[in-house]
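As a plain string of letters, each chain reads:
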Amino acid sequence: MKRSIQEIGNILDRAAHSATVTQQISLSQQIDLKEAYDIQAVSIDHRFERGENLSGYKLGFTSKAKMEQMGVHDLIWGRLTDKMHHQNGGSLNSEHFIHPRVEPEIAFLIGKTIDRTLDLDEATDYLDGVAAALEVIDSRYENFKFSLEDVIADNCSSAAYVIGEWHPPSTDVGDLDINLSINKELVQSGNSNAILDNPLESLVAISRILSEQGMEIIPGMVVLAGAATPASFIHPGDQIKGTFKGLGEVGLSVA
Ligand code: OOG
Ligand code: MG
């Protein structure tokens, strides 16, 4: 039976809110990219109704490492809310997640409204800061498996994020070595240039995607550029640390 955009959005929000898996949409129904983003918007509206606020945007599959890990090969974008934001060094309650994974990211703090496609050489003019970040992703689908449309509808697996100390916008975010450790064991290592050859290209990409739809990114919002390495599963008791050359450390524990 074909379900409506509204119904699928409701199902995905319920899965996220109750931390229970749901079946991939694409196993029972074809949806196109536009419908997938419409479903994402419906599911996020439920978060807004519960009092969460839009805190920014994230990009996904901006590195080959991520595309290959998940078998999805197109850039995707999703919405972040204030409830997803956790303090640096803070703790994540594992009961609110299904099968969470962590990945290292670069975060941008927006300083000036972005309402058009930026050029790469002006991107930093729109920033108030750059920082090391960790993103926790938690697909609402069984076995963390999805098609491109499935993952977009599921708000790109967005679940939580942590941001390290902000650095001036002029700080070079290219060619930074990144290490991710769990319980002091190195689990992923990479370089920030794995993100579209330059993480600032993620900001250019989201400026184009959103402005073409008449959407703005406003001061105070955060943009996550996408992971530079594959993601690693996390479990209760884990101590997670991301170390970014030039940007410092960012950490999180799992309770
Ligand atoms: C989708 C989210 C991808 C990234 O940084 O590439 C993403 C997923 O892998 O579940 O956040
Ligand atoms: Mg990510």
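Note that the structure is predicted; figures quoted are calculated from it, not measured.

So, about the overall build of the protein. When helices and strands are tallied, the protein shows five helices and 13 strands. The C-alpha radius of gyration of the protein comes to 17 Å, within 12% of the 18 Å expected for a compact globule of 255 residues. Expressed as lengths along the three principal axes of its C-alpha atoms, the size of the protein is roughly 50 × 45 × 35 Å. Looking at the protein as a whole, 56% of its 255 residues are labelled buried. When the accessible surface of the protein is totalled, it reaches about 11000 Å², and 47% of it is carbon and sulfur. Charge centroids of the protein, computed over 20 positive and 37 negative side chains, lie 4 Å from each other.

Attention now moves to the coordination of the magnesium ion (ligand 2). Ligation of the magnesium ion (ligand 2) by protein atoms is provided by Glu103 (OE), Glu105 (OE) and Glu135 (OE), these donors lying 1.9 to 2.0 Å from the ion. Expressed as a motif, the donor residue spacing for the magnesium ion (ligand 2) is E-x1-E-x29-E. An identical accessibility class is assigned to Glu103 and Glu105; each is buried.

With that out of the way, let us pick up the packing of aromatic side chains. In this structure the tally under the stated criterion is four aromatic pairs. Consider the rings of Tyr37 and Trp77, whose centres lie 5.0 Å apart with planes at 15°: the pair is stacked. Residue Tyr37 is located in helix H2 (residues 33-49), and its partner Trp77 is located in strand E2 (residues 76-81); the two are separated by 40 residues in the primary sequence. For the pair Tyr37 and Trp77, a shared accessibility class is recorded, and that class is buried. Ring geometry for Phe144 against Phe146: centres 6.4 Å apart, planes inclined by 55°, an arrangement best described as tilted. A single burial state applies to Phe144 and to Phe146, both of which are buried. We note Arg101 situated over the ring of Phe144; from NZ or CZ to the ring centre the distance is 4.5 Å. Its end group placed over the ring of Tyr126, Lys112 keeps NZ or CZ at 4.9 Å from the ring centre.

Rules of the game
- Residues numbered from 1 in each chain as written.
- Chains lettered and ligands numbered in written order.
- Predicted model: local features only at pLDDT ≥ 70, side-chain atom pairs only at ≥ 80, totals over all residues.
- Heavy atoms only, no water.
- Helix = DSSP H or I, 4+ residues; strand = E, 2+ residues; numbered from the N terminus.
- Rg over C-alpha atoms; globule rule 2.2 N^0.38 Å.
- Buried < 20%, exposed > 50% of the residue type's maximum accessible area, 1.4 Å probe, protein only.
- Areas by Shrake-Rupley, 256 points an atom, 1.4 Å probe, with all protein chains shown as cover.
- Lys, Arg positive; Asp, Glu negative; His and termini not counted.
- Charge placed at Lys NZ, Arg CZ, Asp CG, Glu CD.
- Donors = N, O, S within 2.8 Å, 3.2 Å for Na, K, Ca; no water.
- Phe/Tyr/Trp six-rings, centres within 6.5 Å; stacked < 30°, edge-to-face > 60°.
- Lys NZ or Arg CZ within 6 Å of the ring centre and 35° of its normal.

Remember that the coordinates give geometry; whether it matters functionally is a separate question.
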